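Chain by chain, the residues run as shown.
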Amino acid sequence: MNAAALPGPRLLSRAKLPADTVALARFLIGKIVVRELPEGVVSGRIVETEAYVVGDAAGHAFRGVTPRNRSLFLERGHAYVYLAYGISHLLNVSSEAAGTGAGVLVRALEPLDGVPLMQSNRGVVGLRDLARGPGRLAAAMRIDRRLDGLDLCRRGDLWLGDDDRQNDEIGQSVRIGITRDAERPLRFFLAGSPFVSGPRALNRQ
DNA sequence: AGTGCGATTGACT
DNA sequence: GTCAATCGCACTA
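We now turn to the structure provided with this report. The structure presented is a predicted model; accordingly, all values stated were derived computationally and were not measured. (Residues numbered from 1 in each chain as written. Chains lettered and ligands numbered in written order. Predicted model: local features only at pLDDT ≥ 70, side-chain atom pairs only at ≥ 80, totals over all residues. Heavy atoms only, no water.)

Remarks on the pairing of strand 2 (residues 32–37)
With 5 of 6 residues buried, strand 2 is to be regarded as a mostly interior element. Strand direction decides the pairing type here: strand 2 and strand 3 (residues 40–52), joined by 6 bridges, are antiparallel. Looking across to strand 3, one finds that Arg35 is bridged to Val42. Connecting strand 2 to the next strand, strand 3, in antiparallel fashion are 2 residues. Summarising the sheet, strand 2 and strand 7 (residues 158–162) pair through 4 bridges and their orientation is antiparallel. Across the sheet, Arg35 pairs through a bridge with Leu158, a residue of strand 7. (Buried < 20%, exposed > 50% of the residue type's maximum accessible area, 1.4 Å probe, protein only. Helix = DSSP H or I, 4+ residues; strand = E, 2+ residues; numbered from the N terminus. Pairing = 2+ DSSP bridges.)

Next comes the structure, spelled out in structure tokens:
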């Protein structure tokens, strides 16, 4: 009831993050995204991710470093935020070693703390749709390019947390909304979670 | 300097 | 199910 009285999530240390992009995408399921806003803290449990691996034609790092994608080349655990379709911001977690361009797209959250604040960020929306989809997630948490390059392994405006909750089964499917390398099963999701985006056919086991 | 295009969403038939 | 919105940026020249 009183969220402020409960112990918040622990900061996820960089040492715990798998260096491998696919392993990181799997690992991040069940972890927590914490957003600190002037009005309060907003957080949610990650229920859906996609890996954009080294040499991936669908990945933004495919053609090397550019002003937009440079955060993908930071050491694992940094934010890569970009604007898609001129409409939606998308949050990624950089992966691999510094200098290697790869990352994990965070596609959906199960809202935890600050639900009213998320609703005010998006316009009032039901709990299930608050952060179901990468653009909605960023809007709910008020994430934009100003957070690009941020270290998610330090407490601050945006960081990754863990509360040791045990994961249910993790499902796997092809990635959503891409045209190149579209057959690779690099999307991961918490099986059975109503907060996962994507067509039902992809969310079956 | 000009052009084309999305790792999406919400509105609409 | 289809489709337009909207803009930063990568690409070409």
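That covers the picture; the talk isn't over yet.
Points about the protein's contact with DNA strand B
Near DNA strand B you find 19 residues, and of these His60, Tyr82, Asn92, Arg122 and Gly135 are the closest. Backbone atoms, meaning sugar and phosphate, form 47% of the atoms of DNA strand B found within 4 Å of the protein. In this structure, a phosphate oxygen belonging to DNA strand B sits 3.4 Å away from a main-chain N or O atom of Gly177. Of all elements in the fold, only strand 5 (88–94), strand 6 (103–111) and helix 3 (134–140) reach the threshold of two or more residues within the surface near DNA strand B. Its residues placed into classes, the surface near DNA strand B shows 9 nonpolar, 7 polar and 3 charged. (Near = heavy atom within 4 Å. Polar contact = N/O pair within 3.5 Å; in protein donor to acceptor, adjacent residues only side chain to side chain. Nonpolar A, V, L, I, M, F, W, Y, C, P; charged D, E, K, R; others polar.)

Overview of the protein's contact with DNA strand C
Close contacts around DNA strand C come from Arg63, Thr66, Pro67, Arg68, Tyr85, Gly86, Ile87 and Arg145, and that covers them all. Within the side chain of Thr66, an N or O atom sits 2.7 Å from a phosphate oxygen of DNA strand C. Within the backbone of Arg68, one N or O atom sits 3.2 Å away from a phosphate oxygen of DNA strand C. Looking at the surface near DNA strand C residue by residue, the class counts come to 3 nonpolar, 2 polar and 3 charged.

Section: the environment of Leu137
In this structure, Leu137 sits in helix 3. Leu137 sits in the buried class, given a relative accessible area of 0%. A C-alpha to C-alpha distance of 23 Å links Leu137 and Phe73, two positions 64 residues apart in sequence. If near-sequence neighbours (up to four positions away) are discounted, Leu137 is found in contact with Leu91, Val106, Arg107, Ala108, Leu109, Leu130, Ala131 and Ile143. (Contact = heavy atoms within 4.5 Å.)

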